[in-house]
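# Structural characterization, general
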Amino acid sequence: MISNLINRKIFTLLKVQYSNMLEYRVEIALWAISGIIPFFMLNIWTNNNLNESINISDVLLSRYFLCAFFVRQFSVVWVVFSFEEDSLMGKISPYLIQPLNPFFRYFAQHLAEQITRFPFALIIAFVFFIFNPESIWIPNLGILILSILSTFLSFLIQFLIQSILACLCFWTERASSIERLLFIPTLFLSGLLAPVVSFPAYVKSWIYLTPFPYLIDFPANLLSGNETNISRGLSMQILWIFLLFPLFKKIWSEGTKKYTAMGS
Amino acid sequence: MNLRKYLKVYKKFLHTSLASELEYKTNIIVDLITAILSLVGSIFLLSIFFQNNGYIGGWKFEQALIIQAIYTILNGITNTWFNPNLTEIVKHIREGTLDFVLLKPIDSQFFISSKKINPSGFLEIMLGILLLFFCIRINQINLNLSFLTLSLITISCSICILYSLWFFISTTTIWFVKTWNAIEVLRSFLYIGRFPLNSFSFSLRIFFSVFIPIAFITTIPSEVFLGLSVLWKILLEVMVATVFLITSRKFWLFALKFYSSASS
């Protein structure tokens with residue numbers, strides 16, 4: 001009964017958000033385009049033969065960056081920006097009265113956006129293959145499922161981190177600047193701009209203990225068929241989710257106690 | 001000429017926006033750390049590229065650092081002036097408050113592009129200038145008058161091009177209403193400005209100098225610093241900057257004809 005109710009809620013939320021997102025197709029297409037930085041990086045790598053030093057062939061590297069693009073497309077999170085706006089405008093108040101954690105709403109928003117984004121990402125990949133026909137490959141079903149799973153886990157980790165930051169809105173008015181700060185290590189260490197294997201040894205020694213390489217590098221390596229440690233990657237992702245989730249619950253319950261609606 | 005009036009108005013703008021921004025003091029510190037980390041990150045990325053190669057696109061590491069410095073300065077300028085103002089246009093148009101701007105007895109483009117200022121960008125500009133001085137030392141560049149005038153001219157041209165690009169995209173809001181993501185696309189393209197143009201393949205080089213003149217923004221000023229630049233390139237940059245400024249002005253006036261306020 002209860003699970004049925006939750007299912008129905010989630011389904012309705014998804015449906016509402018999906019139709020909402022479909023209204024902004026152009027926006028989402030543009031957003032998909034704004035994610036093409038990995039391709040520019042690939043261009044620098046192959047054009048200067050930088051990949052020879054890290055022993056990755058041109059083809060594998062181009063697959064890697066294509067997968068990095070895909071993983072990034074489906075793990076983009078912006079909950080802190082929506083939440084900040086809603087909480088500054090006082091829109092959170094009605095959400096808090098509803099018998100549903102407002103973060104479900106944002107979660108559904110993100111999922112719906114990903115579904116809307118999917119065709120655009122496919123088009124970009126298609127264009128990429130036209131220019132690089134030699135890098136076409138078909139991953140086997142098991143790998144495909146595992147990499148979809150790990151991309152989803154990466155999305156979950158980022159969603160949790162941002163939700164924790166978003167809850168800081170209850171204390172300070174501008175939590176999004178902290179997110180911009182955290183975005184910098186994510187950008188440089190996650191493997192979006194350069195695969196983690198290419199990092200110097202003094203970085204590689206500690207980076208695998210942080211969540212960053214599991215956000216993009218691990219799923220992208222998995223999907224593109226580059227060498228990676230599957231069991232370690234998945235278990236680290238799950239470990240980080242288990243660490244972050246209680247933290248989120250704690251900060252959420254503290255924050256809602258602290259919350260005072262606008263004008264009260 | 002009512003230049004004095006504009007100066008007076010601008011002084012008032014500065015005062016009000018500084019007062020409102022300084023309310024969020026911790027925010028400014030967070031932004032400073034973000035700027036530092038972002039510079040460290042891109043130097044880290046650059047060092048990965050140069051790990052086993054002496055040259056990238058004909059540039060040595062020390063020379064490529066100049067590009068980073070100029071990029072940081074320009075990014076600081078973007079964050080101080082362009083970003084806070086031009087994202088405001090989107091809001092003006094969505095909420096119909098552009099009416100009030102148009103009714104004021106001053107130029108609407110002036111009002112819209114200078115109303116706000118974000119002081120945390122200053123720190124980024126200073127960071128960039130520091131790095132630039134460091135680069136001048138390690139590259140043993142002789143400072144003389146002609147060099148200084150040339151570098152000032154090219155950098156101001158870059159600023160004009162950058163401003164026009166931002167203003168162009170923001171102006172399209174009049175038709176498309178929500179162009180947040182178009183701005184993101186521009187941002188991701190501008191990211192290319194961190195690397196020497198020659199490190200990209202031929203087709204991308206053409207794209208970035210003809211369609212979106214990112215090549216002009218950072219590479220030409222850096223070449224001036226290294227004494228590599230030729231006269232026709234500098235003249236071309238001046239021309240491109242003038243054309244961009246004039247067309248962006250024309251485009252704004254043209255777009256205003258299509259502005260029909262909200263709910264009308």
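For clarity, every value in this text was computed on a predicted model and none was experimentally measured. (Residues numbered from 1 in each chain as written. Chains lettered and ligands numbered in written order. Predicted model: local features only at pLDDT ≥ 70, side-chain atom pairs only at ≥ 80, totals over all residues.)

Let us look at the overall build of chain B. The secondary structure content of chain B amounts to 12 helices and 0 strands. Helices (α) and strands (β) of chain B occur, in sequence order from the N terminus, as α-α-α-α-α-α-α-α-α-α-α-α. Computed over its C-alpha atoms, the radius of gyration of chain B comes to 19 Å, within 12% of the 18 Å expected for a compact globule of 264 residues. With 264 residues in all, chain B has 40% of them scored as buried. Across chain B, contacts joining residues at least 24 apart in sequence account for 80% of those joining residues at least 6 apart. (Helix = DSSP H or I, 4+ residues; strand = E, 2+ residues; numbered from the N terminus. Rg over C-alpha atoms; globule rule 2.2 N^0.38 Å. Buried ≥ 20, exposed ≤ 12 C-beta atoms within 10 Å, placed from the backbone. Contact = placed C-beta atoms within 7 Å.)

Summing up its helical and strand segments, chain A has 12 helices and 0 strands in all. N-terminal to C-terminal, the α/β element order of chain A is α-α-α-α-α-α-α-α-α-α-α-α. Over its C-alpha atoms chain A spans a radius of gyration of 20 Å, differing by no more than 12% from the 18 Å that the globule rule assigns to 264 residues. Taking the principal axes of the C-alpha coordinates as reference, chain A spans close to 65 × 40 × 35 Å. Going through the 264 residues of chain A one by one, you find that 39% of them count as buried.

At the interface, 29 residues of chain A touch 31 residues of chain B. Mapped by element, the contributors of at least two residues to the side of chain A that touches chain B are helix H2 (25-33), helix H3 (37-47) and helix H9 (176-189) of chain A. Tallying contributions element by element places H9 of chain A first for the side of chain A that touches chain B, with 8 residues. Grouping the constituent residues of the side of chain A that touches chain B by class yields 19 nonpolar, 7 polar and 3 charged. (Nonpolar A, V, L, I, M, F, W, Y, C, P; charged D, E, K, R; others polar.)

With that out of the way, let us pick up the packing of H3 of chain A against helix H4 (residues 58-73) of chain A. All names here are of chain A. For the pair H3 and H4, the least separation of the axes is 9 Å and the interaxial angle reads 165 degrees. Our classification of the angle between H3 and H4 gives roughly antiparallel. Of the two possible hands of crossing, H3 and H4 adopt the one that is right-handed. Touching Pro38, Phe39, Met41, Leu42, Trp45 and Thr46 of H3 are Asp58, Leu61, Ser62, Phe65, Ala68 and Phe69, all from H4. Of the residues belonging to the contact of H3 with H4, the class tally is 9 nonpolar, 2 polar and 1 charged. (Axes fitted to C-alpha atoms, helices over the stretch in contact; angles between N-to-C directions. Parallel < 35°, antiparallel > 145°, perpendicular 65-115°, else oblique. Left-handed = near helix turned anticlockwise from the far one by under 90°.)

Moving on to helix H11 (residues 217-224) of chain A. Residue and element names in this part refer to chain A. Burial analysis of H11 places 8 of its 8 residues in the buried class, which makes it a mostly covered element. Buried within H11 are the following residues: Asp217, Phe218, Pro219, Ala220, Asn221, Leu222, Leu223 and Ser224. Buried residues along H11 sit against H4, helix H8 (141-167) and helix H12 (230-258). Looking one or two places after H11, you find glycine 225, whose phi comes out positive at around 80 degrees.

Take the environment of isoleucine 123 of chain A next. Note on placement: isoleucine 123 of chain A falls in helix H7 (residues 102-131). C-alpha separation for the pair isoleucine 123 of chain A and alanine 29 of chain A, spaced 94 residues apart in sequence, amounts to 10.0 Å.

Turning next to the nonpolar core. Ranked by size, the top nonpolar core spans 125 residues in total, and within it Ala68 of chain A together with Ile161, Trp166 and Leu186 of chain B carry the most contacts. With 15 residues, helix H3 (residues 61-95) of chain B is the single largest residue contributor to this core. Beyond its immediate sequence surroundings of up to four residues, alanine 68 of chain A is in contact with Pro38, Gly191, Leu192, Ile216 and Ala220 of chain A. (Core = buried A, V, L, I, M, F, W, Y, C linked by C-beta atoms within 7 Å.)

Residues and elements named next belong to chain A. Where H4 contacts H11, the axes come no closer than 8 Å and their chain directions differ by 125 degrees. By the angle between their directions, the pair H4 and H11 is classed as oblique. Both H4 and H11 take part in a crossing whose hand is right-handed. For the pair H4 and H11, contact is made by Leu60, Arg63, Tyr64, Cys67, Ala68 and Val71 and by Pro219, Ala220, Asn221, Leu223 and Ser224, respectively. Residues belonging to the contact of H4 with H11 are distributed by class as follows: 8 nonpolar, 2 polar and 1 charged.

Residues and elements named next belong to chain A. Although it is not a glycine, asparagine 49 sits at a positive phi angle of roughly 55 degrees. With respect to the secondary-structure elements, asparagine 49 resides in the loop between H3 and H4. Here asparagine 49 falls in the exposed class, since 11 other C-beta atoms lie within 10 Å of it.

In this section: the environment of asparagine 142 of chain B. In this fold, asparagine 142 of chain B is placed in the loop between helix H6 (120-138) and helix H7 (145-171). The spacing of asparagine 142 of chain B and isoleucine 93 of chain B is 49 residues in sequence and 49 Å in space, taken between C-alpha atoms.

With 97% of its residues at a pLDDT of at least 70, chain B reaches an overall mean of 86. Helix H12 (residues 231-256) of chain B holds the highest mean pLDDT among the elements of chain B, 91, whereas helix H8 (residues 173-176) of chain B holds the lowest, 80. (pLDDT = per-residue confidence, 0-100.)

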